[in-house]
Amino acid sequence: MMDPELLGRLIDQHAAALVLYARQWCTVAEDVVQEALLKLVCQKKLPDQIVPWLYRVVRNGAISAQRSTKRRRFHEGAAATRGPAWFVPAEASAIDAAAATAALQMLPLEQREAIVAHLWGGLTFEQIGELAGTSSSTAHRWYMAGLLTLRERLGAPCPQKPTVPS
Amino acid sequence: MSPEAYGPELASLAQALTGLSPCAGRLDRDQVLFRAGRASAGQQSRRWRTIAAGLAALAAVVGWGRFLSPAPQRIQCIVYQRAEPAASAVDHLVAQQRPLQDGTSPAAEDAGLQTDLLSNGRLERFVFAWGADAIPAPAATLGARQRDPLSGPRDLFSWNQWLRMQPP
């Protein structure tokens, strides 16, 4: 059985990032993360790598929730499409939270997933590749492409590609 | 290819993005901890419920099996036991009032012939009914049994009777 102290530490350090990760697919990200944490508590044997395990469970739960949300939206109309804020607004931050959210939302899903999992989740590209069912190099490529697109959208000029010495 | 490979600008963009704190939304830390505790307690109670349900099912199966099994067949046994006829009081009275033939009372003689067949219990009943005097002496009984019947009685009264009964 899981130590409550460890669970509290996991919530403090990773819950918000997990919620952001789940938001890439669904609007009920908090419920998905909560269920994932409860699943972790109910595990008889703790996984070797808890954080990647949590990201995997959150990803699966978010994709399932997205499917059911799509069905519900079909009946309820488009009123439920507006989602909550992805980031905590901060004065000291160099990037506006709303702008960053809008820029992220316009990225393709796989690029968003790679950026969120790497920047806020702290996962390696190998772990991201395992999550997404692809190679680490592909996950890295998604990440770089997403960053470049974000840079363009957030108003900064695109950097020159490095010249490869022949 | 890391962001640094594209220059410091992309790296600073990544750094700036990391500076944004994700919003946890409605996720309540205390609620998660409470639900986690309840879930772990529920697991234990589920284990006990499973054990109780299993035992109840076992009891039901055993009870149903007993209900369905045929009733035990009643076996009638007849035990034959040799019953020694108890000497009735009338027989003993008649035997006592019979005239003596050879010096011993008929009851004693009768009893003497059966002494070896008497069980302890019967001997006890016999003594209680007729007293210790009615028990024949083992020597007299043995002598009466070993005596030749043709040798005739011993005392005079019996001899007279015996001679009277002889054919002329």
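As shown above, the structure is provided for reference.
Within any chain, residue numbers begin from 1 and follow the written order of that chain's sequence. A letter from A marks each chain and a number from 1 marks each ligand, given out in the order of writing. In keeping with the model being predicted, local features are shown solely for residues with a pLDDT of at least 70 and side-chain atom pairs are shown and tallied solely at 80 or more, while totals for entire chains, interfaces and linings include all residues.

Engineer: Residue-level account of the overall build of chain B, with values.
Structural biologist: Secondary structure elements are defined from DSSP: runs of H or I of at least 4 residues count as helices, runs of E of at least 2 residues count as strands, and each element is numbered from the N terminus. The helix and strand tally for chain B stands at 7 helices and 1 strand. Relative to its 168 residues, chain B shows a buried fraction of 14%. With C-beta atoms placed from the backbone, a residue counts as buried when 20 or more other C-beta atoms lie within 10 Å of its own, as exposed when 12 or fewer do, and as partly exposed for counts between those limits.

Engineer: Let's hear about the overall build of chain A: which residues, and what values?
Structural biologist: Looking only at helices and strands, chain A features 7 helices and 1 strand. Listing each helix as α and each strand as β along chain A from the N terminus yields α-α-α-β-α-α-α-α. Among the 166 residues that make up chain A, the fraction classed as buried is 36%. For the purpose of contact definition, each residue receives a C-beta atom placed from its backbone, and two residues are in contact when these atoms lie within 7 Å. Sequence separation of 24 or more characterises 60% of the internal contacts of chain A that already satisfy a separation of 6 or more.

Engineer: Go over the environment of E35(A) with me, naming the residues and quoting the values.
Structural biologist: Residue and element names in this part refer to chain A. The residue E35 is located in helix α2 (residues 29-42) in this model. With 18 C-beta atoms counted inside 10 Å, the residue E35 sits in the partly exposed group. In the structure, E35 is positioned 22 residues away from V57 in sequence and 8.9 Å away in space, judged by C-alpha atoms.

Engineer: Which residues make up the interface of chain B and chain A, and what values go with them?
Structural biologist: Taken together, the contact pairs 29 residues of chain B with 39 residues of chain A. Looking at the side of chain B that touches chain A, the elements that each hand over two or more residues are α1 (8-19), β1 (21-22) and α2 (29-68) of chain B. Residues are grouped as follows: nonpolar covers Ala, Val, Leu, Ile, Met, Phe, Trp, Tyr, Cys and Pro; charged covers Asp, Glu, Lys and Arg; every other residue, Gly included, is treated as polar. Of the residues assigned to the side of chain B that touches chain A, the class counts are 18 nonpolar, 7 polar and 4 charged. Here, strands pair whenever DSSP counts at least two bridges between them. Sheet analysis places strand β1 (residues 87-88) of chain A next to β1(B), joined by 2 bridges and oriented antiparallel. Bridge pairing links V88(A) to S21(B) in β1(B).

Engineer: Account for the nonpolar core, with residues named and values stated.
Structural biologist: All names here are of chain A. The nonpolar core criterion groups buried Ala, Val, Leu, Ile, Met, Phe, Trp, Tyr and Cys residues into a set whenever they are joined through C-beta atoms within 7 Å. Counting residues in hydrophobic clusters, the biggest one holds 53 residues, and the most contacted among them are L18, V19, Y21, A22, V32, V33 and V58. It is helix α1 (residues 4-22) that provides the largest number of residues to this core, a total of 9 residues. Where a domain begins and ends is set by an automatic assignment or by a domain database. Composition of this core by domain shows at least three residues from each of domain 1 (1-77) and domain 2 (94-153). Not counting residues within four places of it along the chain, the set of residues in contact with A22 comprises A29, V32, V33, V58 and A62.

Engineer: Can you lay out helix α4 (residues 97-105) of chain A for me, pointing to particular residues and giving the numbers?
Structural biologist: Inspection of α4(A) places A100(A), A103(A) and L104(A) among the buried residues, and these make up the whole buried set. Looking down the long axis of α4(A), one finds its buried residues gathered within 100° of arc, a one-sided arrangement. Summarising the geometry of α4(A), the exposed residues directed more than 90 degrees from the buried face are A98(A) and Q105(A). Buried residues along α4(A) sit in contact with β1, α5 (109-119) and α7 (136-153) of chain A together with α1 of chain B. What the arc describes is the spread of directions from the helix axis to the C-beta atoms.

Engineer: If you had to explain the packing of α7(A) against α1(B) to someone new, which residues and values would you point to?
Structural biologist: Axes here refer to lines fitted to C-alpha atoms; in helices the fit is confined to the stretch in contact. Angles between the N-to-C directions go from 0 to 180 degrees. Interhelical geometry of α7(A) versus α1(B) gives an angle of 85° and a closest axis separation of 10 Å. It follows from the interaxial angle that α7(A) and α1(B) lie roughly perpendicular. Together, L147(A), L150(A) and R151(A) of α7(A) and L10(B), L13(B) and A14(B) of α1(B) make up the contact between the two elements. The residue makeup of the contact of α7(A) with α1(B), split by class, is 5 nonpolar, no polar and 1 charged. Angles below 35 degrees are treated as roughly parallel, those above 145 as roughly antiparallel, those between 65 and 115 as roughly perpendicular, and all remaining angles as oblique.

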